[in-house]
Amino acid sequence: MNILLICGKYSTLSIQFVKEFKKRLPEDKLIVFILTPFKKGNSFMYILKKNRLSYLVKKGMQFVSMYLRSAISRIFAIEPRYVSEVLEDYEIEHYLINDVNNQDVVNLIREKQIDLLITYDCGQILKKNAIMASSIASLNVHYSMLPKYRGTAPIYWVLKNKEKETGVTIHFMEKGIDTGDVIFQKSINIDSGMNENTLTKTLAQIGAESIFAVVTLFKNGGIERVKQDMACASYYSNTGRVY
């Protein structure tokens, strides 16, 4: 099976999955599309308008950190922090992508004969042509118990709202944001003292295990689709709760 992982350049959540892929799925092939943080052509004012200042500061710090770590890693062995740092070490075929909906990118997905397309810590919304480019399914890994906390930064928002529980959801992609049928969910308790860093690490491991479980379900023909309950839905963006 050919599996395409689409994730952000500064993704931390997808590292565990990349590290374990060859060991867990030795007969399958993984290709990774790394998305740049901001689309080419978006003006500085557009970026400021669409994102919280704290989010932009975080991205700027990640940019500086990645290049400093790249320089340091040439001298000292350090633990990778972002997925872009591990792809070379694990000899994973990968491409730097600016716009996942660009027709050349969609053509590349078809050219690589992708069976399962998985977005994981991905900052762009896939349109119909990209979603339909895989031969079996296009899935998204979301870090909340959908339909709660649809949208961006669910780990941040569950902590901010002092939730007692969260988890990982894998669902089919469609035109809505995080609205597709659910095929896998796993919940965890948010322990006292957990912060964004520790919760991210916990969910990253659960996310990797969840993807491996879903791939096995597809291979065995055991997929069951569960529609989301719109009455329970909530949506958050980088600027706050929308509904």
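Before any of the text, the structure's been laid out above.
The following refers to the structure shown. The structure presented is a predicted model; accordingly, all values stated were derived computationally and were not measured.

## A closer look at the overall build of the protein
Part 1: If you tally the helices and strands in the protein, you get seven helices and nine strands.
Part 2: By the burial criterion, 47% of the 243 residues in the protein qualify as buried.
Part 3: Within the protein, counting contacts between residues at least 6 apart in sequence, those at least 24 apart form 71% of the total.
Part 4: Of the roughly 13100 Å² of accessible surface on the protein, a fraction of 53% belongs to carbon and sulfur atoms.

## Overview of the pairing of strand β2 (residues 29-35)
Part 1: With six of its seven residues buried, β2 lies for the most part within the structure.
Part 2: Relative to β2, strand β1 (residues 2-8) runs parallel, the two being bridged by seven bridges. What sits directly across from G8, in β2, is L35.
Part 3: Following the chain from β1 across helix α1 (residues 15-24) to the adjacent parallel β2, one finds a crossover that is right-handed.
Part 4: As paired strands, β2 and strand β3 (residues 93-97) are joined by five bridges and run parallel to one another. Note on β3: the bridge partner recorded for L35 is I97.

## Topic: helix α4 (residues 103-111)
One turn of an α-helix holds 3.6 residues; hence residues three or four places apart share an orientation.
Part 1: All buried positions along α4 are accounted for by V105, V106, L108 and I109. Looking straight down α4, one finds that the buried residues subtend no more than 155° of arc, so they occupy a single side. Across α4 from its buried face, at more than 90 degrees, point the exposed residues D104 and E111.
Part 2: In this structure, the buried side of α4 is in contact with β1, β2, β3, β4 (116-120) and α5 (128-131).
Part 3: Two or three places before D104, at the start of α4, stands the capping residue N102, its side-chain oxygen 2.8 Å from that residue's backbone nitrogen.
Part 4: At the exit of α4 stands Q113, carrying a positive phi of roughly 55°.

## Here we look at the nonpolar core
Part 1: The biggest cluster of nonpolar side chains holds 45 residues, and the ones touching the most others in it are L5, F17 and L139.
Part 2: No other element matches the ten residues that helix α7 (residues 196-220) contributes to this core.
Part 3: The residues contacting L5, other than those within four sequence positions of it, are S14, F17, V18, L30, I31, V32, F33, I118 and Y120.

Cut-offs and rules
- Residues numbered from 1 in each chain as written.
- Predicted model: local features only at pLDDT ≥ 70, side-chain atom pairs only at ≥ 80, totals over all residues.
- Heavy atoms only, no water.
- Helix = DSSP H or I, 4+ residues; strand = E, 2+ residues; numbered from the N terminus.
- Buried < 20%, exposed > 50% of the residue type's maximum accessible area, 1.4 Å probe, protein only.
- Contact = heavy atoms within 4.5 Å.
- Areas by Shrake-Rupley, 256 points an atom, 1.4 Å probe, with all protein chains shown as cover.
- Pairing = 2+ DSSP bridges.
- Right-handed = clockwise from strand over helix to strand, strands pointing away.
- Arc of directions from axis to C-beta.
- Polar contact = N/O pair within 3.5 Å; in protein donor to acceptor, adjacent residues only side chain to side chain.
- Core = buried A, V, L, I, M, F, W, Y, C linked by side-chain atoms within 4.5 Å.

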